[in-house]
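Close look at the chain arrangement
Residues per chain are reported as follows:
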Amino acid sequence: MNPGLARALIAMYPPEWRARYGEEFKALLEDHPATLGKITNIISCALFERASRLGDIIMNGTQRSLFIIPALLRRVLILTIAVNLCLIVIRVSTYRPLLAMHGSIRFIVEPLVGLLGCGLFALAATSARCVKLPGVLRPATAWGLIGGAILVVHMALEIFGSHIGENGSITLAAMLITFLLWGVAGFVAARATASSFLGLLGGCWSAVVSVLMAVSFGFALMFFEVPSPGYVATWEVFKQSGWSDVHAFSIANSLDSGFTHLLCGLVLGSIIGAIAGGIARILPGPPVPAQAS
Amino acid sequence: LAAQAHSYYVKRSSRETKISESDLGRFSDPAVLVLASLADGPKHGHAMIADIAQMSGTRLGPGTLYGAIARLEEQRLIEPLPPEDRRYPYRLTPDGERVLRAKLNILRQFTVAGLQKLHTS
């Protein structure tokens with residue numbers, strides 16, 4: 001096998017694995033001809049090694065993981081934000097007529113600012129060396145993922161479900177359930193840590209996870225599923241906008257919706273988390289077991 | 001006997017760690033093939049692939065082989081020897097030998113029982 005190809009394949013393994021086995025594995029690969037089967041085998045095993053390492057980190061309840069979990073969650077969130085920034089840049093650069101529309105710059109800049117705000121929040125929330133932090137972020141991430149799944153399903157119903165999702169009751173239910181989940185994240189965090197501030201942090205973290213999921217889904221759809229020009233032309237907001245390009249308007253609409261989600265996530269998540277954290281602190285605590293005499 | 005053979009206690013870093021065959025994980029079968037290949041002496045990766053192919057007709061992919069080697073070494077069932085050029089030979093540890101022996105005994109019982117069922121059917 002070509003040494004360059006061997007190096008590229010070994011680079012897919014986790015750094016610790018490469019440090020231990022990289023040199024001898026490279027020697028083995030160079031002794032064998034490259035075949036599609038061998039390359040597939042190496043790639044799948046490398047991915048398995050990475051997944052195993054991730055699983056070890058998530059499942060490991062040791063003291064060390066107290067600081068690994070925030071760092072891991074921070075990386076995932078920052079990566080998601082970076083992907084969304086790229087999606088915006090690619091979408092805008094591949095449809096230049098959007099830039100010619102009146103006021104289009106605002107629609108492009110707003111979600112960029114929203115994503116950067118979420119990124120700053122993720123960095124700030126995970127940089128504190130607080131031993132209670134993993135206990136806040138882990139459940140908040142779980143509640144946030146459930147909330148994000150609800151938002152994504154609702155969006156999918158709006159787009160693929162013959163506009164079922166545009167039904168007011170369904171929209172209201174999806175929103176209220178998601179807000180409730182953010183509140184649960186804040187309540188659980190405050191209850192577990194006896195800190196209203198960490199309740200606020202839990203609620204906001206959960207909200208940011210949810211909205212980033214929904215926004216990623218929405219921005220990805222800009223490339224695959226665009227509303228038909230005829231349908232967009234019937235929108236009242238389009239008629240009032242004065243824009244002549246229906247496709248540019250549907251892209252701007254997605255970007256605007258993304259920004260609204262991000263803003264709501266940060267603001268409402270903080271408010272809901274603070275309220276839930278306050279309730280958790282006011283309510284009486286669980287009964288304390290009687291001391292053995 | 002099979003139930004007794006199913007799990008072993010392997011000394012690891014001054015503490016007892018229970019290692020069962022299921023702990024060999026996704027690489028269970030390749031791991032046994034690697035252990036069997038090392039049963040007659042130390043070998044490096046290239047030699048193991050050739051030996052396993054000759055012994056069982058299975059040609060392990062390089063990723064699968066090193067996945068198995070990594071887990072077996074982590075469980076202290078094999079250990080590396082000083083490198084020869086860029087190749088690291090591996091050998092069985094006493095725990096590795098015990099695990100291999102028990103695994104092969106289970107396979108033998110399974111084979112005998114399966115053949116008996118075929119004969120009586």
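Quick caveat, the model's predicted, so the values are computed rather than measured.

In this section: the overall build of chain B. Regarding its fold elements, chain B presents 5 helices and 4 strands. When its helices and strands are written in sequence order, chain B yields α-β-β-α-α-α-β-β-α. Each of the 121 residues in chain B was classed as buried or not, and the buried ones make up 46%.

What follows concerns the side chain of Asn41(A). You can see Asn41(A) is positioned in helix H3 (residues 36-59). Ignoring anything within four residues of it in the chain, the contact list for Asn41(A) reads Gly61(B), Pro62(B), Gly63(B) and Thr64(B).

Quick look at the interface of chain A and chain B now. At the interface, 21 residues of chain A touch 22 residues of chain B. Between chain A and chain B, the buried area comes to about 1,800 Å², and carbon and sulfur atoms account for 54% of it. Its salt-bridge partner being Arg87(B), residue Asp31(A) comes within 2.5 Å of it at the nearest N-O pair. Only helix H2 (15-31) and H3 of chain A provide two or more residues apiece to the side of chain A that touches chain B. At 12 residues, H2(A) tops the list of elements feeding residues into the side of chain A that touches chain B. Among the residues forming the side of chain A that touches chain B, the class breakdown is 10 nonpolar, 3 polar and 8 charged.

With that settled, the discussion passes to the packing of helix H8 (residues 168-193) of chain A against helix H9 (residues 196-224) of chain A. Residues and elements named next belong to chain A. Axis separation between H8 and H9 bottoms out at 7 Å; the angle between their running directions is 145°. Relative to H9, the crossing made by H8 is right-handed. Between H8 and H9, the contacting residues are Thr 178, Leu 181, Trp 182, Ala 185, Gly 186, Ala 189, Ala 190 and Thr 193 on the first element and Leu 198, Gly 199, Gly 202, Gly 203, Ser 206, Ala 207, Ser 210 and Val 211 on the second. Per-class residue counts for the contact of H8 with H9 are 8 nonpolar, 8 polar and no charged.

This paragraph deals with unusual backbone geometry. Its identity is not glycine, yet Ala194(A) carries a phi of approximately 55°, on the positive side. By relative accessible area, Ala194(A) is classed as partly exposed at 46%. The phi dihedral of Arg76(B) is positive, around 60°, even though this residue is not glycine. Note that Arg76(B) resides in the loop between helix H4 (62-74) and strand S3 (78-80). Assessed through its relative accessible area of 41%, Arg76(B) is described here as partly exposed.

A few words on helix H12 (residues 246-282) of chain A. A turn of α-helix holds 3.6 residues, and therefore any two residues three or four places apart point the same way. Helix length check: H12(A) (37 residues) gives 52 Å between terminal C-alpha atoms against 54 Å at 1.5 Å per residue, within 8%. You can read the cap of H12(A) off the contacts: a side-chain oxygen lies 3.0 Å from the backbone nitrogen of His247(A), and it is on Asp245(A).

Right, let's talk about the nonpolar core for a bit. Counting residues in hydrophobic clusters, the biggest one holds 47 residues, and the most contacted among them are Leu98(A), Trp205(A), Phe219(A), Trp243(A) and Leu255(A). Of all elements in the fold, only helix H4 (65-93), helix H6 (104-127), helix H7 (133-160), H8, H9 and H12 of chain A reach the threshold of two or more residues within this core. For this core, the leading source of residues is H9(A), giving 12 residues. In this structure, Leu28(A), Ile42(A), Val34(B) and Ala68(B) belong to the second largest nonpolar core, which totals 36 residues.

In the structure shown here, the tally under the stated rule is 11 salt bridges over all chains. Linking Lys26(A) and Glu30(A) is a salt bridge whose minimum nitrogen-to-oxygen distance equals 2.8 Å. Residue Lys26(A) and its partner Glu30(A) are both found in helix H2; the two are separated by 4 residues, about one turn of the helix. The class of Lys26(A) is buried, set by a relative accessible area of 15%. Salt-bridge contacts for Arg98(B) lead to Asp95(B); the nearest nitrogen and oxygen are separated by 2.7 Å. Of this pair, Arg98(B) and Asp95(B) both sit in helix H5 (residues 94-120), 3 residues apart, which is roughly one turn of that helix. A relative accessible area of 14% places Asp95(B) in the buried class. Sharing partners across several salt bridges, the network here consists of Arg20(A), Glu24(A) and Glu73(B).

Scoring rules and cut-offs
Residues numbered from 1 in each chain as written. Chains lettered and ligands numbered in written order. Predicted model: local features only at pLDDT ≥ 70, side-chain atom pairs only at ≥ 80, totals over all residues. Heavy atoms only, no water. Helix = DSSP H or I, 4+ residues; strand = E, 2+ residues; numbered from the N terminus. Buried < 20%, exposed > 50% of the residue type's maximum accessible area, 1.4 Å probe, protein only. Contact = heavy atoms within 4.5 Å. Buried area = accessible area lost by both parts, 1.4 Å probe. Salt bridge = Lys/Arg side-chain N within 4 Å of Asp/Glu carboxyl O. Nonpolar A, V, L, I, M, F, W, Y, C, P; charged D, E, K, R; others polar. Axes fitted to C-alpha atoms, helices over the stretch in contact; angles between N-to-C directions. Left-handed = near helix turned anticlockwise from the far one by under 90°. Expected span 1.5 Å × (residues − 1). Polar contact = N/O pair within 3.5 Å; in protein donor to acceptor, adjacent residues only side chain to side chain. Core = buried A, V, L, I, M, F, W, Y, C linked by side-chain atoms within 4.5 Å.

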